[in-house]
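If you want the building blocks of each chain, they are given just below.
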Amino acid sequence: MGELRKIKLRSSWLRPLQSEFEQPYMQKLREFLLTRKQHGAVTYPPGDEIFNAINSMSFEQVRVVILGQDPYHGPGQAHGLCFSVLPGVKVPPSLGNIFREIHTDLGIPISHNGCLQSWADQGVFLLNSVLTVERGQAGSHQGKGWERFTDVIISMLNTKHQGLVFMLWGSHAMKKGAVIDSNRHLVLKAPHPSPLSAHRGFLGCRHFSAANHYLEKHNRQAIDWSVPD
């Protein structure tokens, strides 16, 4: 997919990640995406939004990291931030439970707008493990190389930062975040906010107040978790 050649990353991310784009696994990923496109596959998010999580902030501006798994596979939903959808799109169930927990935890009104760009603009790094998917086919780009790329990003955040908050929701995120040093960062774990599992401990986890308390304790600005309608 030509998009990976045309993508421009913020310089603070591109410098440490440049060598990854030259690795054989990334060449294979690029060839896979190009082949799928040539066969008529529709891929989400659009090419210029694949790296939206990275381009929403500099490396130094990251304060909170939330790990997702795959982009949404419905038309007009995914735009490169995990759990987030474009304005005007119905709030997905998992995000609805995230908003419910924020309301319970912080008293913030539940938003009907599922676009989390306002979080990203404050340094909330909304990273999916896999950065592309095909229309109507959940998980269709798993095992093609994205996981290795995002593992490198998590490792960079772990070793080059101090005092980040990592929110790991569900077994997949916990496994991916197993490398995080809890002596350097705050690691918050809970079941996934999906309707299938949210009642097992995500609802009531109070991660959002815990994150803000930790940030303020380390002389960093708290996150405004409200999402304007």
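The coordinates are above.
Right, let's walk through the structure included here.

Criteria and thresholds
- Residues numbered from 1 in each chain as written.
- Predicted model: local features only at pLDDT ≥ 70, side-chain atom pairs only at ≥ 80, totals over all residues.
- Heavy atoms only, no water.
- Phe/Tyr/Trp six-rings, centres within 6.5 Å; stacked < 30°, edge-to-face > 60°.
- Helix = DSSP H or I, 4+ residues; strand = E, 2+ residues; numbered from the N terminus.
- Buried < 20%, exposed > 50% of the residue type's maximum accessible area, 1.4 Å probe, protein only.
- Contact = heavy atoms within 4.5 Å.

Some remarks on the packing of aromatic side chains
All chains considered together, the criterion is met by 13 aromatic pairs. Ring centres of Phe-21 and Phe-51 lie 6.0 Å apart, and the angle between their planes is 70°; this geometry places the pair in the edge-to-face category. Here Phe-21 is found in the loop between α2 (11–17) and α3 (24–38), whereas its partner Phe-51 is found in the loop between β1 (43–44) and α4 (52–55), with 30 residues between them in sequence. Each member of the pair Phe-21 and Phe-51 is classed as buried. Plain terms: the ring middles of Trp-146 and Phe-149 are 6.0 Å apart, the flat faces sit at 65° to each other, and that makes the pair edge-to-face. Of the two residues, Trp-146 and Phe-149 are both situated in helix α7 (residues 146–160); the distance of 3 residues between them amounts to about one turn of the helix. Neither Trp-146 nor Phe-149 differs from the other in exposure class; each is buried. Put simply, the rings of Phe-83, Trp-119, Trp-169, Phe-202, Phe-208 and Trp-225 touch in pairs and so form one group of aromatic residues.

Quick notes on unusual backbone geometry
Cis geometry marks the peptide bond from Tyr-44 to Pro-45, where omega comes out at -10°. Here Pro-45 lies in the loop between β1 and α4. In the Ramachandran plot, Phe-83 falls in the positive-phi region, its phi being about 70° despite a non-glycine side chain. As for its position among the elements, Phe-83 is in the loop between β2 (64–68) and α5 (93–106).

A look at the environment of Pro-16
Tracing the backbone through its elements, the reader meets Pro-16 in helix α2. With relative accessibility at 27%, the residue Pro-16 sits in the partly exposed group. Once residues within four sequence positions are removed from consideration, Pro-16 is found in contact with Met-156 and Lys-160.

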